[in-house]
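Here's the letter readout for the chains.
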Amino acid sequence: MADLCFVLLAESAYPDADAVIAAASDMGLELTLTEREGPLGFSMETGGQLFVMLMPVPHPDVPKMPFGLTAPPKDEALAAPAHLIVTALGLVGTPRQKDLQMAALTACVMEGAKCVGAMFGHGRFFHLAGLFAEMAKLGAELGELPAEIAVDVTAAPEPEDRMSFLTHGLARYGREEFFISCPVNGRGALDFVFSMARWMLDDPDKQLPTGDTLGRSEDETLLIQRQRNPTGSDDTVIRLDLDG
């Protein structure tokens, strides 16, 4: 099965193939150009293939996408005149391992183009181009896909001067999603969301039973609850309510 990423472009042009190959080399990946005309094609030393297709039109889903906290400014995303479809064949491993490889390959493609944002084919929204590329490179160095791009986070208003963060993507890796509420003027909530997502990804055996408690410090007690996913899907999410 093919793995996909999309890249929003600031200008409608194919990436520079030599720059893609050089970026791959810097990351310890070996790409060989096989197709220069039309869709770019590369072979990988692992036996897989990478294809890059230029779509000289705005991405059709951007106007109806949520804009998460790591997304590019909405006006820049809407103004992007073109996008790339990055396709990899032959990646192996768990979903997270394949996403790690796909992120690295996409970051190499981005080195050869002027980019606004990037996202996985299964993602909810585009991430800032610089953030996606930086996290992809960090993941390649560490051997683990960072939660900042593995998991999408959206925010929503809640009653009584509160707001909430909802994760999207943990289910892909066999984990439950998080719904975390906090005061609008609270601090550190987003970092906490990503730390919880990272914990669940890095420790696949860790469980959070309903009714147990946890906290960011010895003085904080957060009750672990579960509720239906606010998106309306049938799955349940882990709910944590922060006081500050």
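Residues numbered from 1 in each chain as written. Predicted model: local features only at pLDDT ≥ 70, side-chain atom pairs only at ≥ 80, totals over all residues. Heavy atoms only, no water.

Caption draft 1: Quick look at the overall build of the protein. Scanning the protein from N- to C-terminus turns up six helices and 14 strands. Relative to its length of 244 residues, the protein is compact, with a C-alpha radius of gyration of 19 Å against a globular reference of 18 Å. For the C-alpha atoms alone, the extent of the protein along its principal axes is close to 60 × 40 × 30 Å. Counting across all 244 residues of the protein, residues that qualify as buried make up 44%. (Helix = DSSP H or I, 4+ residues; strand = E, 2+ residues; numbered from the N terminus. Rg over C-alpha atoms; globule rule 2.2 N^0.38 Å. Buried < 20%, exposed > 50% of the residue type's maximum accessible area, 1.4 Å probe, protein only.)

Caption draft 2: The arrangement of the packing of helix H1 (residues 17-26) against helix H3 (residues 95-111) in detail. For the pair H1 and H3, interaxial distance at closest approach is 7 Å and the crossing angle is 135 degrees. The orientation of H1 relative to H3 falls into the category oblique. Considering the relative orientation of H1 and H3, their crossing is right-handed. Facing H1, whose interface residues are Ala-19, Val-20, Ala-23 and Ala-24, H3 presents Cys-108, Val-109 and Glu-111. Residues belonging to the contact of H1 with H3 are distributed by class as follows: six nonpolar, no polar and one charged. (Axes fitted to C-alpha atoms, helices over the stretch in contact; angles between N-to-C directions. Parallel < 35°, antiparallel > 145°, perpendicular 65-115°, else oblique. Left-handed = near helix turned anticlockwise from the far one by under 90°. Contact = heavy atoms within 4.5 Å. Nonpolar A, V, L, I, M, F, W, Y, C, P; charged D, E, K, R; others polar.)

Caption draft 3: Expanded view of the sheet that holds strand E4 (residues 49-55). Spatially, seven strands are ordered E2-E3-E4-E5-E1-E6-E7 in an open sheet, and the strand pairing comes out antiparallel. Unpaired on one side and paired on the other, strand E2 (31-35) and strand E7 (127-128) mark the two borders of the sheet. Relative to E2, H1 is tilted by about 155 degrees, and along the sheet it contacts E2 and strand E3 (40-44). (Pairing = 2+ DSSP bridges.)

Caption draft 4: Seen up close, the pattern of salt bridges. Taken as a whole, this structure holds 11 salt bridges when the rule is applied. For Arg-36, the salt bridge identified is with Asp-18, shortest N-O distance 3.9 Å. With a gap of 18 residues between them, Arg-36 in the loop between E2 and E3 and Asp-18 in helix H1 connect regions that are remote in the sequence. For Asp-18, a relative accessible area of 48% corresponds to the partly exposed category. The salt bridge involving Arg-239 is made with Asp-241; its shortest N-O contact spans 2.9 Å. On the accessibility criterion, Arg-239 (25% relative accessible area) is partly exposed. (Salt bridge = Lys/Arg side-chain N within 4 Å of Asp/Glu carboxyl O.)

Caption draft 5: Spatial organisation of the pairing of E3. In terms of burial, E3 is a largely internal element, four of the five residues being buried. Bridge analysis of E2 against E3 gives four bridges, and the strand direction is antiparallel. Looking at the pairing, Leu-33 lines up with Phe-42 of E3. Between E2 and E3, which pair antiparallel and follow one another directly, the connecting turn spans four residues, one of which, Gly-38, has a positive phi of 70 degrees. Bridge analysis of E3 against E4 gives four bridges, and the strand direction is antiparallel. From the neighbouring strand, Leu-40 faces E4, where its bridge partner is Val-52. Hairpin connection, E3 to E4: the antiparallel pair is bridged by four residues, and Gly-47 has positive phi, about 100 degrees.

Caption draft 6: Quick look at the sheet that holds strand E8 (residues 152-158). As summarised here, the arrangement of the five strands in space is E8-E9-E10-E14-E13, forming an open sheet in which the pairing is mixed. For this open sheet the edge positions go to E8 and strand E13 (225-228), each flanked by a neighbour on one side alone. Each neighbouring strand pair of the sheet contributes to a mean axis angle of 30 degrees, computed without reference to strand direction. Across the sheet, helix H6 (residues 189-202) touches E8, strand E9 (162-168), strand E10 (178-183) and strand E14 (236-241), and the angle it forms with E10 is around 160 degrees.

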